[in-house]
Amino acid sequence: MNIKSLLLGSAAALIAVSGARAADAVVVAEPEPAEYVRICDVYGAGYFYIPGTETCLRIGGYVRYDASFGDRGSFNGREAVDVRNGDFQRAWNKQARFALRTYTGQETELGTLKTYTETRFNYTNGATGVDAHFAWVQLGGLRIGADESAYDTFSGYAGNVINDTLVPYGGFGTNLISYTFDAGNGFSAIVSLEQGNNGDVGSTLGTAGIDAIKPRWLETFDLNTNVIDSYVPHVVLGAKYTQGWGGIVGVVAYNSNYEEWAGKLRVDVNVNDAFSVFLMGGYGTDDHVDRNFYKPWGGNWAVWGGGTYKVNEKTELNAQVSYDENRSLGVAANVAYTIVPGFTVTGEVDYVHEGRFGRDDYLGTWTGIDKKNAVGGIIRFQRNF
């Protein structure tokens with residue numbers, strides 16, 4: 001009996017120990033619940049909520065590669081020096097760019113709070129550069145920060161061509177404080193207080209050869225005098241009306257440095273779903289300087305016109321013609337082909353004619369042309385994301 005009792009007690013003890021160990025193995029700490037990224041569809045596709053906030057964020061941009069060739073003054077190709085004999089000659093002009101864009105949006109009691117940034121990383125003919133092109137905050141209709149001038153963005157860029165400034169129509173980059181009123185029925189208006197910039201206006205002359213061909217107007221128009229020189233800002237006013245047929249917009253600008261005025265009037269017409277055209281005219285004073293941030297064209301007036309024709313869902317034809325009182329003529333035409341969604345190849349031909357080149361009343365060149373006519377071409381590969 002004693003031996004039997006001992007055996008039974010030992011078995012019971014082993015079962016108890018095994019059970020205890022089994023019980024210990026079952027007690028496992030639960031993992032922390034994962035916080036998944038939530039999609040935000042309030043501001044369009046691609047936005048998501050920043051975890052732990054009510055702010056929606058979108059990250060995008062593009063990668064681009066340009067290769068151009070042609071005469072000086074066509075905005076294509078570049079001037080190089082033969083490494084063996086020192087002679088000047090034309091060569092390929094190539095640039096790769098990565099542009100990083102961020103967009104944020106959040107609803108507040110004072111309206112939608114938005115931000116937008118775009119940073120461009122360029123690799124041009126062996127040299128690198130970074131351009132913090134956009135960085136602004138917007139609450140409702142109030143926008144503050146680095147942007148492009150309302151004189152250019154509110155009226156709209158010229159045609160859908162790469163080189164749309166063969167005859168220039170604005171100075172672009174600036175710090176600004178602007179307010180846009182949107183009536184919700186197609187009518188909108190804007191007022192913008194701007195600083196101007198030190199580089200965009202006429203900056204192409206630097207690559208085209210200012211020293212070799214110094215335009216007469218550079219004697220009175222300094223490339224570095226369009227940033228405001230006092231507490232008085234440049235001022236831009238604009239009004240726009242858009243409907244399904246197209247739209248009409250007018251802008252007027254005051255350059256506080258030179259006390260000059262300029263304005264543009266533009267009409268866009270959607271002929272049908274495949275074909276659209278535009279016509280834009282500009283006029284400005286030149287009492288104190290020939291060209292400035294808001295009137296970079298030659299003479300008092302200039303005109304731009306062009307159109308876009310969508311051949312099919314992959315192919316688009318674009319053209320633009322521009323002309324100013326200084327008898328500068330610019331013609332650009334291209335074919336844009338979308339290989340797959342998000343990846344487009346564009347081939348363009350550009351032509352510039354300076355009608356007063358070599359004459360006593362010639363006031364210089366915008367593009368840096370060194371003869372009466374210039375022709376060039378560019379091919380662009382761009383992946384948007």
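What you see is a predicted model, and the numbers here were worked out from it, not measured in a lab. In this convention, every chain numbers its residues from 1, walking through the sequence in written order. A pLDDT threshold of at least 70 governs which residues receive local features in this predicted model, and a stricter bar of 80 or more applies before side-chain atom pairs are shown or counted, although totals over entire chains, interfaces and linings include all residues. Remark: hydrogens and water are excluded; side-chain values derive from all non-hydrogen atoms of the structure.

This next bit is on the overall build of the chain. Secondary structure elements are defined from DSSP: runs of H or I of at least 4 residues count as helices, runs of E of at least 2 residues count as strands, and each element is numbered from the N terminus. Along the backbone of the chain there are 3 helices and 19 strands. The contact rule is simple, with two residues in contact once any of their heavy atoms fall within 4.5 Å. Looking at the chain alone, contacts between residues at least 24 apart form 55% of all its contacts between residues at least 6 apart. Only the protein chains shown count as cover for residues, and all accessible areas are computed by the Shrake-Rupley method using a 1.4 Å probe. With the model as given, the accessible surface of the chain reaches about 20,600 Å², and the carbon-plus-sulfur share is 60%.

The residue Ala-158 is located in the loop between helix H2 (150–153) and strand S9 (173–182) in this model. When accessible area is computed with a 1.4 Å probe and restricted to protein chains, residues below 20% of their type maximum are described as buried, those above 50% as exposed, and intermediate ones as partly exposed. On the basis of relative accessible area, Ala-158 is assigned to the buried category, the value being 6%. On a C-alpha basis, the gap between Ala-158 and Gly-305 in space is 7.8 Å, while along the polypeptide they are 147 residues apart. Setting aside its immediate chain neighbours within four residues, Ala-158 contacts Asp-164, Tyr-169, Arg-266, Phe-278 and Gln-320.

Before going further, it helps to examine the packing of aromatic side chains. A pair of Phe, Tyr and Trp rings is counted when the ring centres sit within 6.5 Å of each other, with Trp represented by its six-membered ring. The angle between the planes then sorts it: under 30 degrees is stacked, over 60 is edge-to-face, the rest tilted. Scanning the model with the defined rule gives 18 aromatic pairs in all. For the pair Tyr-151 and Tyr-294, a centre-to-centre distance of 5.2 Å together with 80° between the ring planes defines the contact as edge-to-face. Of this pair, Tyr-151 sits in helix H2 while Tyr-294 sits in the loop between strand S14 (275–284) and strand S15 (301–310); the two residues are 143 residues apart in sequence, bridging distant segments of the chain. A single burial state applies to Tyr-151 and to Tyr-294, both of which are buried. With a centroid separation of 4.8 Å and 45° between ring planes, the pair formed by Tyr-254 and Trp-261 is classed as tilted. What makes Trp-261 partly exposed here is its relative accessible area of 47%. Members of the aromatic cluster, joined through ring pairs, are Tyr-43, Tyr-47, Tyr-103, Tyr-116, Phe-134 and Trp-136. Our definition puts a charge over a ring when NZ of Lys or CZ of Arg is within 6 Å of the ring centre and also within 35 degrees of the ring normal. The residue whose ring lies beneath Arg-143 is Trp-136, and the NZ or CZ to ring-centre distance is 3.7 Å.

Attention now goes to the pattern of salt bridges. By definition, a salt bridge exists where a carboxyl oxygen of Asp or Glu is found within 4 Å of a side-chain nitrogen of Lys or Arg. The full count for this structure, using the stated rule, is 12 salt bridges. Among the salt bridges present, the one from Arg-38 reaches Glu-54, with a minimum N-O distance of 3.6 Å. Of this pair, Arg-38 sits in the loop between helix H1 (2–26) and strand S1 (48–49) while Glu-54 sits in the loop between S1 and strand S2 (56–70), and the two are 16 residues apart along the sequence. Classification of Arg-38 as partly exposed rests on a relative accessible area of 44%. For Lys-264, the salt bridge goes to Asp-152, with nearest N and O atoms at 3.3 Å. Taken as a pair, Lys-264 in strand S13 (residues 260–270) and Asp-152 in helix H2 lie far apart in primary sequence, 112 residues in all. In terms of burial, Lys-264 and Asp-152 fall into one category: buried.

Attention shifts here to the pairing of strand S16 (residues 315–324). By the convention used here, strands pair only if DSSP detects at least 2 bridges between them. With 9 bridges connecting them, S15 and S16 associate as antiparallel partners. By the bridge assignment, Gly-306 is partnered in S16 with Gln-320. The antiparallel pairing of S15 with S16 creates a hairpin that spans 4 residues between the two strands. Across 9 bridges, S16 lies against strand S17 (residues 328–340) in antiparallel orientation. Note that in S17 the partner of Ser-322 across the bridge is Gly-330. From the end of S16 to the start of S17, which pair antiparallel, there are 3 residues, and Arg-327 there has a positive phi angle of about 65°.

Moving on, we come to empty space enclosed by the protein. Grid points spaced at 1 Å over the protein atoms alone were grouped into cavities, where a 1.4 Å probe fits but cannot get out, and pockets, open sets with protein on both sides within 12 Å along at least five of seven lines, with lining residues defined by an atom within 4 Å of a point. Grid points are joined across faces, edges and corners, and a volume is the space filled by probe spheres set on the points. On inspection of all chains with the given rule, the structure shows 2 cavities of 30 Å³ or more. Considering only enclosed or pocket space, the largest cavity measures out at about 50 Å³ in volume. Around the largest cavity, the lining residues are Leu-166, Val-167, Pro-168, Arg-291, Asp-324, Ser-328, Leu-329, Val-352, Glu-354, Trp-366 and Thr-367. Looking at the lining of the largest cavity, the elements with two or more residues in it are S17 and strand S18 (343–354). Lys, Arg, Asp and Glu make up the charged group, whereas Ala, Val, Leu, Ile, Met, Phe, Trp, Tyr, Cys and Pro make up the nonpolar group; the residues left over, Gly among them, are polar. Residue composition of the lining of the largest cavity, by class: 6 nonpolar, 2 polar and 3 charged. Of the pockets and cavities examined, the second largest cavity occupies roughly 40 Å³. Lining the second largest cavity we find 10 residues, and of these Asp-290, Arg-291, Gly-298, Gly-299 and Leu-363 sit closest to its centre. Partitioned by chemical class, the residues of the lining of the second largest cavity number 3 nonpolar, 3 polar and 4 charged.

Here we take up the side chain of Asp-66. Examined against the element boundaries, Asp-66 turns out to sit in strand S2. Overall, the relative accessible area of 8% leaves Asp-66 in the buried class. Pairing of N or O atoms within 3.5 Å defines a polar contact, subject to two protein rules: one partner must be a possible hydrogen donor and the other a possible acceptor, and residues neighboring in sequence count only if both atoms are side-chain atoms. Of the polar contacts made by the side chain of Asp-66, one reaches the side chain of Arg-380; its length is 2.8 Å. Excluding residues within four positions of it along the chain, Asp-66 makes contact with Asn-93, Lys-94, Gln-95, Ile-378, Ile-379 and Arg-380.

Moving on, we get to unusual backbone geometry. Its identity as a non-glycine residue notwithstanding, Phe-172 has a phi of 65°, on the positive side. As for its position among the elements, Phe-172 is in the loop between H2 and S9. Even without being a glycine, Glu-259 presents a positive backbone phi close to 55°. In this fold, Glu-259 is placed in the loop between strand S12 (246–255) and S13.

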